[in-house]
Amino acid sequence: MEVKIEESWKSRLKGEFDKPYFANLAALVRQEYSQYTCYPPGRLIFNAFNLCPFEKVKVVIIGQDPYHEPGQAMGLSFSVPEQVMMPPSLINIFKEIQNDLGKPMPASGDLTRWAQQGVLLLNATLTVRAHMAASHQRKGWEEFTDAAIKVLNQEREHLVFILWGGYARSKAYLIDRSRHLILQSVHPSPLSANRGGWFGNHHFSQANAYLAQHGLEPIDW
């Protein structure tokens, strides 16, 4: 199957595109987008991969599902376009960056600048039907995004995998801790963050310290 995705990813994931599950997934996504409003826009489904080529990945932040309300989803986990009101989880992410690194809250929730520095903002499920959270879960996307995590784990070294919340943490078994750094905490959503364990996790400074330790340019969070 011909999939429009950045070339370095296409070469490593081409085996997935020929598997029966992906044909079924592609048919479902086409049908959903033709019958219903779905997010993100079709051209942005693989945005995380297109903005962050395989060789440039330094950090992987795993989300669960795209935002399902109008104008929010842009194919990058936790990110919203310029001029769109920041969701509460993203506000808490920026608050922790402020606590951890002393950086002021930005005006925009668009994380494209992170992706361009080597942060793969990967949702486990890459599409969703409007107003219906998790509507495209367990349809095949997770198998595809797990394959992306596996190939990063196998072919790269000294990556930082950031896993927030139970769902993201369930992916830890895919990652070799002797080759990569795993940072885990509760989810930044208010429900989880306010119970404790989010604020003060220092994931952003820890990620940068690990990158610097291995001769890599830290991320300007």
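Small disclaimer: the values here were computed from a predicted structure and weren't measured. The numbering scheme is per chain: residues are counted from 1 as the chain's sequence reads. With the structure being a predicted model, the display of local features is reserved for residues of pLDDT at least 70 and the display and counting of side-chain atom pairs for 80 or more, all residues being used for whole-chain, interface and lining totals. Based on all heavy atoms of the structure, the side-chain values leave hydrogens and waters out of the count.

Peer 1: Whenever I open this one, the pattern of salt bridges confuses me. Can you help?
Peer 2: Side chains carrying opposite charge are able to pair once their charged atoms draw close together. One side-chain nitrogen of Lys or Arg within 4 Å of one carboxyl oxygen of Asp or Glu is enough to make a salt bridge. Evaluation of the coordinates by the stated rule reveals 8 salt bridges. Across the salt bridge formed by E55 and R12, the nearest N and O atoms sit 3.7 Å from each other. Here E55 is found in the loop between helix 3 (47-51) and strand 2 (59-63), whereas its partner R12 is found in helix 1 (residues 7-17), with 43 residues between them in sequence. Relative accessibility under 20% of the residue-type maximum defines a buried residue, over 50% an exposed one, and the middle range a partly exposed one, all with a 1.4 Å probe and only protein chains included. Assessed through its relative accessible area of 29%, R12 is described here as partly exposed. Of the charged contacts, one joins E157 and R179 as a salt bridge, the two residues approaching to 3.8 Å between their closest N and O atoms. Separated by 22 residues along the polypeptide, E157 in the loop between helix 6 (141-155) and strand 5 (160-164) and R179 in the loop between helix 7 (165-169) and strand 6 (181-185) bring together distant segments of the chain. What makes E157 partly exposed here is its relative accessible area of 47%. Helix numbering and strand numbering both begin at the N terminus, where a helix is a DSSP run of H or I of at least 4 residues and a strand a DSSP run of E of at least 2.

Peer 1: What is the right way to read empty space enclosed by the protein from this model?
Peer 2: Over the atoms a probe the size of a water molecule is rolled, and this reveals where empty space is left. Only protein atoms enter the 1 Å grid used here, on which a cavity is any set of points holding a 1.4 Å probe that cannot leave and a pocket is any open set flanked by protein within 12 Å on both sides along at least five of seven lines; residues with an atom within 4 Å of a point are listed as lining. Grid points are joined across faces, edges and corners, and a volume is the space filled by probe spheres set on the points. Counted by the stated rule, this structure contains 1 cavity of 30 Å³ or more. In this structure, the largest cavity encloses a volume near 40 Å³. Along its surface, the largest cavity is lined by P40, I45, P66, G75, L76, S77, L121, N123, T125 and L126.

Peer 1: How do you make sense of the nonpolar core when you look at a structure like this?
Peer 2: Proteins that are soluble and globular tend to have nonpolar side chains buried together. Residues W9, F46, F49, I61, W114, F144 and W221 are the most contacted members of the largest nonpolar core, which totals 70 residues. With 7 residues, helix 6 is the largest single contributor of residues to this core. With near-sequence residues (within four places) excluded, F49 lies in contact with I5, E6, W9, L13, L120, L122, L126, F144 and A148. By convention a nonpolar core is built from buried Ala, Val, Leu, Ile, Met, Phe, Trp, Tyr and Cys residues, the set being connected through side-chain atoms within 4.5 Å. Should any heavy atoms of two residues lie within 4.5 Å, those residues are considered in contact.

Peer 1: Looking at this model, I keep getting lost on helix 4 (residues 88-101). Mind explaining?
Peer 2: Since there are 3.6 residues in each turn of an α-helix, residues three or four apart along the chain are aligned in direction. What a helix is expected to span follows from its residue count: subtract one and scale by 1.5 Å. Taking 1.5 Å per residue as the helical rise, helix 4 with its 14 residues ought to reach 20 Å, and the 20 Å between its terminal C-alpha atoms agrees with that figure. Here helix 4 has its buried residues at S89, L90, N92, I93, F94, E96, I97 and D100. Looking at the buried positions of helix 4, the neighbouring elements they touch are helix 5 (112-116), strand 5, helix 8 (190-193) and helix 9 (203-213). G102 sits one or two residues past helix 4 and shows a positive phi near 75 degrees.

Peer 1: Help me understand unusual backbone geometry, please; the structure alone is not making it clear to me.
Peer 2: Note: most peptide bonds trans; most residues except glycine with negative phi. Here Y39 and P40 are connected by a cis peptide whose omega angle stands at -5 degrees. Checked against the element boundaries, P40 lands in the loop between strand 1 (38-39) and helix 3. In this model, Q83 sits at a positive phi of 75 degrees, which is unusual for a non-glycine residue. By the element assignment, Q83 lies in the loop between strand 2 and helix 4. The class of Q83 is exposed, set by a relative accessible area of 77%. Even without glycine at this site, R138 takes up a positive phi of about 60 degrees. Take R138: it is sitting in the loop between strand 4 (128-129) and helix 6. Exposure remark for R138: the relative accessible area of 70% places this residue in the exposed category.

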